[in-house]
Amino acid sequence: MISLKQFSYPTLSPSILSMDNTKSAQEIDLIRKSGLNFVHIDIMDGKFVPNCSFSDAEMEVIVKDSYELVKDVHIMVVEPWKLIEKYASFGADIITFHYEACLDKEHVLNTIKLIRNHGINVGISISPDTDPSVLDPYINDVDLVLVMSVYPGKGGQKFLPNSLDKIRYIKNKRKDVVVEVDGGINGETAPLVLEAGVDLLVSGSYLFGHDDFIDRAKGLLK
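Every value quoted in this text rests on a predicted model; they were computed, and no experiment measured them.

Some details on the overall build of the protein
Tallying secondary structure elements over the protein gives 7 helices and 9 strands in all. By the compact-globule yardstick of 17 Å for 222 residues, the protein fits well, its C-alpha radius of gyration being 16 Å. Considered along the principal axes of its C-alpha atoms, the protein spans approximately 45 × 40 × 35 Å. Per-residue burial over the protein gives 53% buried out of 222 residues. For the protein, long-range pairs separated by at least 24 residues make up 66% of all intrachain contacts whose partners lie at least 6 apart in sequence. When the accessible surface of the protein is summed, it comes to about 9900 Å², and 49% of that surface belongs to carbon and sulfur atoms.

Set out below in structure tokens:
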């Protein structure tokens, strides 16, 4: 298992949900050229969130093109425990599931255990309307906490400021857990989340589709 502690933070996990799928290899290569180690892969089932993304065939291409990058897989799906083996087989290095997708504490703990048993880093995510205190029973069992700073399932939304307090809360609970933030991250909001103590910034539409991807990526971390 790749240890998340080996990386220097803060850093970026570019979301390829916003990339041009017809140019997967070239788009993912921009991540390498930016000196980054992570690639953020959003999986949506059309049930937990209204949209769908990345078929199995597309996942195979993405994994092939991002072979040496840390594959940061965020599954926005119902009954996530049923899909852990599938995404483990694709080569995920991190699997992050949603607290809200679990029926009860038993399902949360079972999903954490399943991910851990595959030798994969465990991430848990909360949506904007969820209080971060719900994660207190699990904070020491995961490697990463993903704070959604927009409502999951659609790109291009505006950053929700209440995410900053959630980042601070989680960091105060456990200093060494990797805190990731996803949604509305750009040149204006990146300094805010960095000041709050975030480790891993997810950004998609702000980076992909622009000729100055590398400059934008570096600028987000300044």
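Past the structure itself, the notes keep going.
Concerning the packing of aromatic side chains
On inspection of all chains with the given rule, the structure shows 3 aromatic pairs. Centroid distance tyrosine 87 to phenylalanine 90: 5.8 Å. Interplanar angle 40 degrees. Geometry classified as tilted. A single burial state applies to tyrosine 87 and to phenylalanine 90, both of which are buried. Taking the ring centre of tyrosine 206 as reference, the NZ or CZ of arginine 216 above it sits at 4.7 Å.

Re the nonpolar core
Judged by nonpolar contacts, the single largest core of 57 residues is most densely connected at Ile16, Ile41, Ile43, Ile75, Phe97 and Val193. Once residues lying within four places of it in the same chain are set aside, the contact partners of isoleucine 41 are Ile16, Phe54, Met59, Ile62, Lys71, Asp72, Val73 and His74. If you look at the next biggest cluster of nonpolar residues, it comprises 11 residues, including Val70, Leu144, Leu146 and Met148.

So, the side chain of aspartate 72
By the secondary structure assignment, aspartate 72 is in strand S4 (residues 70-76). Buried and unpaired, aspartate 72 has no salt bridge, with lysine 71 as the nearest side chain of opposite charge at 11 Å. Polar side-chain contacts of aspartate 72 include one of 2.8 Å to the side chain of histidine 40. If near-sequence neighbours (up to four positions away) are discounted, aspartate 72 is found in contact with Ser13, Val39, His40, Ile41, Ile94, Thr96, Glu180 and Leu200.

Analysis parameters
- Residues numbered from 1 in each chain as written.
- Predicted model: local features only at pLDDT ≥ 70, side-chain atom pairs only at ≥ 80, totals over all residues.
- Heavy atoms only, no water.
- Helix = DSSP H or I, 4+ residues; strand = E, 2+ residues; numbered from the N terminus.
- Rg over C-alpha atoms; globule rule 2.2 N^0.38 Å.
- Buried < 20%, exposed > 50% of the residue type's maximum accessible area, 1.4 Å probe, protein only.
- Contact = heavy atoms within 4.5 Å.
- Areas by Shrake-Rupley, 256 points an atom, 1.4 Å probe, with all protein chains shown as cover.
- Phe/Tyr/Trp six-rings, centres within 6.5 Å; stacked < 30°, edge-to-face > 60°.
- Lys NZ or Arg CZ within 6 Å of the ring centre and 35° of its normal.
- Core = buried A, V, L, I, M, F, W, Y, C linked by side-chain atoms within 4.5 Å.
- Lys, Arg positive; Asp, Glu negative; His and termini not counted.
- Salt bridge = Lys/Arg side-chain N within 4 Å of Asp/Glu carboxyl O.
- Polar contact = N/O pair within 3.5 Å; in protein donor to acceptor, adjacent residues only side chain to side chain.

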